Amino acid sequence: MGNITVEHLNFYYGSKQALSDVSIEIPEQQITALIGPSGCGKSTFLRCLNRMNDTIKGTRIEGRILLDGQDIYASGANVVDLRRRVGMVFQRPNLFPQSVFDNVAFGPRVLGMYRNGDLADAVEASLRGADLWDEVKDKLRQDALSFSLGQQQRLCIARVIAVKPQVILMDEPCSALDPITTLKIEDLMRELAHDYTIVIVTHNMQQAARVSDITAMMMLADAPVDAPVDASVDAPAGHLKTGTIIEVGETKRIFTRPTDQRTEDYVTGRYG
Amino acid sequence: MTASVRMQFEKHLGQLNEDVLQLGSQARQAVARAVEVLIAGDVEAARQVIVDDEAINRRRFEIERECYALLVTEQPMAGDMRVIVAALIVVTDLERIADHGKKIAKICLRMMQDLRPIPFGDIPRLSQMALAMMDRALRAYATRDLVEADAVCKADDQVDALYKQTFNVVLSRMLEDPRMIGPGTQLIQVAHELERVADRATNIGERVIYSVTGELAELNV
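First, a word on scope: everything that follows refers to the structure included in this document. (Residues numbered from 1 in each chain as written. Chains lettered and ligands numbered in written order. Predicted model: local features only at pLDDT ≥ 70, side-chain atom pairs only at ≥ 80, totals over all residues. Heavy atoms only, no water.)

## A short note on unusual backbone geometry
- With a phi angle near 45°, H8 of chain A is a residue other than glycine that sits in the positive phi range.
- On the secondary structure map, H8 of chain A appears in strand 1 (residues 4-13). (Helix = DSSP H or I, 4+ residues; strand = E, 2+ residues; numbered from the N terminus.)

## Describing the interface of chain A and chain B
- The partner chain B presents 13 residues to the 12 residues of chain A that form the contact.
- Here chain A meets chain B over a buried area of about 950 Å², counting both sides, of which 48% is carbon and sulfur.
- For the pair chain A and chain B, the number of links is three salt bridges.
- Among the ionic pairs, E215 of chain B bridges to R257 of chain A, the shortest N-O distance being 3.6 Å.
- Across the chain A-chain B interface, the total number found is seven residue pairs in polar contact (both at pLDDT 80 or more).
- Elements represented by at least two residues in the side of chain A that touches chain B include exactly helix 8 (205-211), helix 9 (251-256) and helix 10 (261-267) of chain A. (Contact = heavy atoms within 4.5 Å. Buried area = accessible area lost by both parts, 1.4 Å probe. Salt bridge = Lys/Arg side-chain N within 4 Å of Asp/Glu carboxyl O. Polar contact = N/O pair within 3.5 Å; in protein donor to acceptor, adjacent residues only side chain to side chain.)

## Section: the nonpolar core
- Residues L16, V20, L94, I97, M134 and L194 of chain B are the most contacted members of the largest nonpolar core, which totals 67 residues.
- Of all the elements in the fold, those that place two or more residues in this core are helix 1 (5-40), helix 2 (43-74), helix 3 (78-111), helix 4 (123-143), helix 5 (146-176) and helix 6 (181-213) of chain B.
- Examining the composition of this core, we find that 14 residues originate from one element, helix 3 of chain B, more than from any other.
- Beyond its immediate sequence surroundings of up to four residues, L16 of chain B is in contact with I63, E66, C67, L70, I84 and A87 of chain B.
- Of all hydrophobic cores here, the second largest spans 49 residues; its members include W133, M170, C174 and V267 of chain A. (Core = buried A, V, L, I, M, F, W, Y, C linked by side-chain atoms within 4.5 Å. Buried < 20%, exposed > 50% of the residue type's maximum accessible area, 1.4 Å probe, protein only.)

Below, the structure written as structure tokens:
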């Protein structure tokens, strides 16, 4: 469970097209890394996968995103349930100014998932799942924000897995962390991949190479000529560039012998 | 303004390639001189080939260290990674090629103890063919030329054929005349070293293909 199929996805911020014709199979219980230069639409794409962009006014999509065969943008789709099934971890930890316990228990409480005794067990299981239990088991009532950044980030992961998701989206989850803490999160990601589908956006090529199974290279490219272009956009057609996936494949291959010259240029640092 | 980090890396890669090619010409020289001194029976020159091998061994390690430094400092990906890894493997082949030259020089010293004239037969031709393959391999390496790299690998069949022929000719001489068994055995050894030089030239060809395309294939079949 947690298989994602993206078919010909176009995404618009108002009249500006940000993604064009993105298609990818994101296999369950594997780690898929999205790499590419800044501004190419990686985060935008990631946020399409749990409809986080819905919260931004004027956005719209074309194409389909299927989670285990169900179109997540179908009319009548339950967005709250979608965001439970597809959790997200951000660049910087975004905990509530509450205790460790209350942060992890937040989702299950809102969703009414457990009775009280079971809730405590679920919180422990989530903290164990995020490899944090031993560090915080005696400090469950302590303010979550008093912990180190690395611990806070793992607490965010615990909070996500507390609601039993199928997919975890991670938007540069280690960019604020030092190398040792980063390795801890990477270990955790490999552990989590046994149970969850993970999609990670990273600017760290070595990280993508180390932890992911599949790598997708995104880049701003000329919009395909038959792509629907909004007439209100000022830019001349030839200069219109939108984000798309230019190459996707097994991570080992992408970093040792990419087939697209643009991927080669990017991973060897020749881009731009 | 100082050069960008990327430009520095390009410079180091360029330097690495030059160093590999220079080692290549030293190794080629070792084999060519070894065969020359063997045929000329020049004991002093043979000793010099053996002494000179030390410098080649040292140079190989220097280049290896250069590669390791680039791997850890640049953490190269894709084509950059392939160029450096290919260089690491090619310098090993080049060092071994020089060793084949050294072995021929040592055989020369042994054969000089036998004062009878030695019929070298096809040894000079075998040497020319092996050296021509090396030249091609080094040219392919210098220009990342896939056609040239492939041609090196194809030429190996001719060297193998001539090696077998040399082997059979020397063997029949030894059968005809038992006094030929001593020098004949040495000649077969020389032919074998040259045949190995050609094999290693194909290895270099394979690494050129890898560095350009990422394809790993045994072409010396």
